[in-house]
Amino acid sequence: MSLRVLLVEDDRGLRVTLRDALTVEGYKVYTATSLQEGMLLLSNVKAEGGDADEAGVDLILLDLGLPDGSGEAILAAVRKRHSIPVVVISARQGDGLKIDLLDQGADDYLVKPFSIGELLARMRVALRHRGTYLKAAVTLYESDGLTIDLVGRQVIQDGVTVHLTPTEFQLLARLARSAGQVVTHRQLLNDVWGAEFVEHTHYLRLYMAQLRGKLEADPAEPQRLLTELGVGYRLIEAAR
Amino acid sequence: MIWLDPKVDLANLALVLILGSAVATLWLPAAISVAASAASVFVFNWMFVSPRGHLNVEVHQDALLLISLLLVTWIIAALMAVQRATSDRAREHARQAEQLRDFGEALRDSPDPLDHAELLQQALSDLARGDIMILIVKAEMPQADDIEAALLLGRPGSDQLEGLWHCVRTGKPLGPGTGRYSALPDWYFPMRGREATLGAALVGRGLTRLNSEGSVQAGLRSQAQALCDQFGLAMERAMTARAAARARDLAQTQNVRNAMLAAISHDYRTPLATIMGAASSLAEQGARLDDERRERLARTIMEESTQLSRLTDNMLQLARLYAPGMRLVLDWESAEEVVGAILRRVRRHDPQRRVRAILEPGLPLARCDALLLSQMLDNLVDNALKYSGPSLPVEITVRRQNANIVFAVSDRGMGVHPDWRERIFEAFQRGVAAQAPDAVPADARAAQRGAGVGLTVCRAIARAHGGELSYQPREGGGSIFEFRLPEVEPPLVARESARSGVP
């Protein structure tokens, strides 16, 4: 059975282009032009599916600039019941709403204009993480010579154990659990240091620099621990 | 004196009496000390001048003594009174001068004197303990007496309100002793600027020191007027400053708008024409093109779209940066991370890895807006790649110098003609280059073309951060664009002990 995608996008040109491109990749695409239509489709498609508790779609692509409001409503409705991945499409780089949505549980974001290749990569990662809200967390991360054993609290790079401080490890582990996805500053600070540290971005800068110093060949041009400026960090997708 | 009586003669006793009354006048008010000295002279007569116990005087000499005694003590009392009044006045003047100075300083430190209307009220109530009410015209003088157009402190009655408005409109003080409407129960003082009267203050009579007579009252009145005028001048200054800022904003908005129109009419057309050509070729000749050509056309569309996207970002950013009240999203950013993110983006168009990053170790965190900084570096690197030969290196360096974090992008291109080293930052100069191409050297034209508003945005970003972006020719050929960002001391981070590591 092909994977089902709900595309909420009000611009006709982009909607048609994305639908065609995704269809070629083998996705079944439902399109909506407004929040309202999107919500409606979400509940109707669900009715078609056999299992009542099962969500009707496997992934939602959500544009932020919709005619009848922000995407927050859909995200809230979706997050209340399901773990369907939500990828946000945003028109502007410095869009505060985008970060809010990520903090509220959106899986990833793309800034317009983007290429189909980028979109497909983000969708792949989001789909792989599908269900992590319900399922047991990731326990092992492996990619390009780097192994992170989240249970044994061990990090091995090219066969050599890397010594990390407890905070460094927690930070890396948090990124590894969402590997391939962007994790916002706020989420990282909250999960690693605690709720009272969410404004202390300078802690993140320092510890990310330390981690890069230990895990990157050239910390000035990182290949694993990527920076999403103004948003957060992303550990590259694990090799399958 | 009774004790001294048997020991000294009458003349010396009289001297002691004079001493006593002189000392008393130091503290007693003039009238009381005059009365007291008269009384003491009578008592002296009664007790010490023969015949004792009688007011009669036996010897003429003693009569002369008593009269002199009386006159001398009176003269002392009068002198003391005059002296005391003079020093009181001097003290009052000093106090008033100090009050004016304090008030003036408070006003000078504030961008909007309206915030300090209460201060004026306070200062006036120091002078007089009656009701103080203040009416200040906010911006423009209304046609009718419209209370909406004014700031009002206190609760004046309708007569009082009318008096305040009248005072504002005439710019002259009213009330007792001012020569205008002397029958009014209150005083009204206008707040006069150089050109207009911008408000008025009412000082209620009540239990005021202004009730005191004559010169003292006139002094207090002129002090109240001085305070009001000082306030009026400050208001006028603030209004002039606001008007100037508005005019500046307007001119800037106009400039930005012109730059944008120029950019849209020029910079957008080239990539759009390329996209149009490639896309229509794909649509109309698609079947007849081989795979390689089709892919090349598609790639052209992608590249030109990227260029258009950058242009749009710059244009939006320019409008945002020049908009009044723009605020940066400042955070603690790592130069290494920002440069790393730029490199990652650049590599897509830089397969030969021409761009190199050199970062001084131990750089402090930068207080900046990461997205803006990256937009600036992105523009600079893009320009450097475009305007230097296809195999020449481009360097991003970050170093510390004189309490600045210096971001520099350097290339080995042809550099910028000396005449154009400042003008390349001015989007508004583009029109000149476009209209009179012969007047502009070819290399400058090249640097201008395509850069669009890019360098203007870069400089606007630099300045929004309190820094500066400047051009320098590079030794051995090429350009260096340097952004100096003032260092800010970052907050401390509680370090964990290195010992407790993960094994």
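Residues numbered from 1 in each chain as written. Chains lettered and ligands numbered in written order. Predicted model: local features only at pLDDT ≥ 70, side-chain atom pairs only at ≥ 80, totals over all residues.

1. Concerning the overall build of chain A
Reasoning step 1: Secondary structure summary: chain A contains 8 helices and 12 strands in total.
Reasoning step 2: A total of 240 residues make up chain A; the buried ones form 40% of that total. (Helix = DSSP H or I, 4+ residues; strand = E, 2+ residues; numbered from the N terminus. Buried ≥ 20, exposed ≤ 12 C-beta atoms within 10 Å, placed from the backbone.)

2. Examining the overall build of chain B
Reasoning step 1: When you go through chain B residue by residue, the secondary structure sums to 13 helices and 11 strands.
Reasoning step 2: Burial analysis of chain B (503 residues in total) assigns 33% to the buried set.
Reasoning step 3: When contacts within chain B are restricted to residue pairs at least 6 apart in sequence, long-range pairs at least 24 apart make up 66% of them. (Contact = placed C-beta atoms within 7 Å.)

3. Comments concerning the packing of helix α9 (residues 335-346) of chain B against helix α10 (residues 370-386) of chain B
Residue and element names in this part refer to chain B.
Reasoning step 1: It is the contact of α9 with α10, at a shortest axis distance of 10 Å, that shows an interaxial angle of 45 degrees. By the criterion of interaxial angle, the relationship of α9 to α10 is oblique. As α9 packs across α10, the resulting crossing turns out to be right-handed. On the side of α9, the interface is formed by V338, A341, I342, R345 and V346, while α10 contributes A370, L373, S374, L377, D378 and V381.
Reasoning step 2: Each residue belonging to the contact of α9 with α10 can be placed in one class, and the counts come to 8 nonpolar, 1 polar and 2 charged. (Axes fitted to C-alpha atoms, helices over the stretch in contact; angles between N-to-C directions. Parallel < 35°, antiparallel > 145°, perpendicular 65-115°, else oblique. Left-handed = near helix turned anticlockwise from the far one by under 90°. Nonpolar A, V, L, I, M, F, W, Y, C, P; charged D, E, K, R; others polar.)

4. Here we look at the sheet that holds strand β4 (residues 86-90) of chain A
As a general point, the strands of a sheet are linked pairwise by backbone hydrogen bonds and lie either parallel or antiparallel.
Residues and elements named next belong to chain A.
Reasoning step 1: With parallel pairing, 5 strands are arranged side by side in an open sheet as β2-β1-β3-β4-β5. Two strands close off the open sheet at either side, each with one partner strand: β2 (28-32) and β5 (108-111). This sheet shows a mean twist of 20 degrees between the axes of neighbouring strands, independent of strand direction.
Reasoning step 2: Bridge analysis of β4 against β5 gives 4 bridges, and the strand direction is parallel. Considered in β5, the bridge of V88 is made with Y109.
Reasoning step 3: Together, β1 (4-8) and β2 form the strand contacts of helix α1 (residues 12-24), whose direction differs from that of β2 by roughly 165 degrees. (Pairing = 2+ DSSP bridges.)

5. Overview of the interface of chain B and chain A
The extent of an interface is frequently quoted as the accessible surface area lost upon association of the parts.
Reasoning step 1: Between chain B and chain A, the contact holds 29 residues from the first and 24 residues from the second.
Reasoning step 2: Of all the elements in the fold, those that place two or more residues in the side of chain B that touches chain A are α8 (291-322), β5 (331-333), α9, β6 (355-359) and α10 of chain B.
Reasoning step 3: The biggest single contributor to the side of chain B that touches chain A is α9 of chain B, with 8 residues.
Reasoning step 4: Across the side of chain B that touches chain A, the residue classes break down as 16 nonpolar, 7 polar and 6 charged.

6. Considerations on the confidence of the model for chain B
All names here are of chain B.
Reasoning step 1: Mean pLDDT over chain B works out to 82, with 91% of the residues at or above the 70 mark.
Reasoning step 2: Within chain B, strand β9 (residues 404-411) carries the highest mean pLDDT (96), whereas helix α11 (residues 430-435) carries the lowest (41).
Reasoning step 3: Contacts from residues 429-450, a stretch scored under 50 in pLDDT, to residues over four places away or in other chains number 24 contacts.
Reasoning step 4: Considering only residues more than four positions removed or in separate chains, one finds that residues 498-503, a stretch of pLDDT under 50, has 11 contacts.
Reasoning step 5: Of the two predicted TM-score estimates for the complex, the pTM is 0.66 and the ipTM is 0.87. (pLDDT = per-residue confidence, 0-100.)

7. Section: the nonpolar core
Reasoning step 1: Formed by 114 residues in total, the largest nonpolar core has its most connected members in I60 and L172 of chain A together with L377 and V381 of chain B.
Reasoning step 2: Setting aside anything within four residues of it in sequence, one finds V381 of chain B in contact with I342, V346, V355, V394, I396 and V409 of chain B. (Core = buried A, V, L, I, M, F, W, Y, C linked by C-beta atoms within 7 Å.)

8. Things to note about the pairing of strand β1 (residues 132-137) of chain B
Residue and element names in this part refer to chain B.
Reasoning step 1: Along β1, 6 of the 6 residues are buried, which leaves the element largely enclosed by surrounding structure.
Reasoning step 2: Neither face of β1 is exposed, since I132, I134 and I136 on one face and M133, L135 and V137 on the opposite face are all buried.
Reasoning step 3: Pairing between β1 and strand β4 (residues 197-203): 5 bridges, direction antiparallel. Its bridge partner being in β4, I132 is matched across the sheet by V203.
Reasoning step 4: Inspection of the sheet shows β1 paired to strand β2 (residues 150-153) by 4 bridges, in the antiparallel sense. Of the residues in β2, the one forming a bridge with I134 is L153.

9. Considerations on the sheet that holds strand β8 (residues 394-401) of chain B
Residue and element names in this part refer to chain B.
Reasoning step 1: Across the sheet, 5 strands lie side by side as β6-β8-β9-β11-β10; this open sheet has mixed pairing. Sheet topology places β6 and β10 (468-473) at the edges, where each strand pairs with a single neighbour. The sheet shows a mean angle of 20 degrees between the axes of neighbouring strands, taken without regard to direction.
Reasoning step 2: Alignment of β6 against β8, held across 5 bridges, turns out to be parallel. From the neighbouring strand, L359 faces β8, where its bridge partner is V398.
Reasoning step 3: Packed onto the sheet, α10 meets β6, β8, β9 and β11 (479-486) and runs at close to 25 degrees relative to β9.

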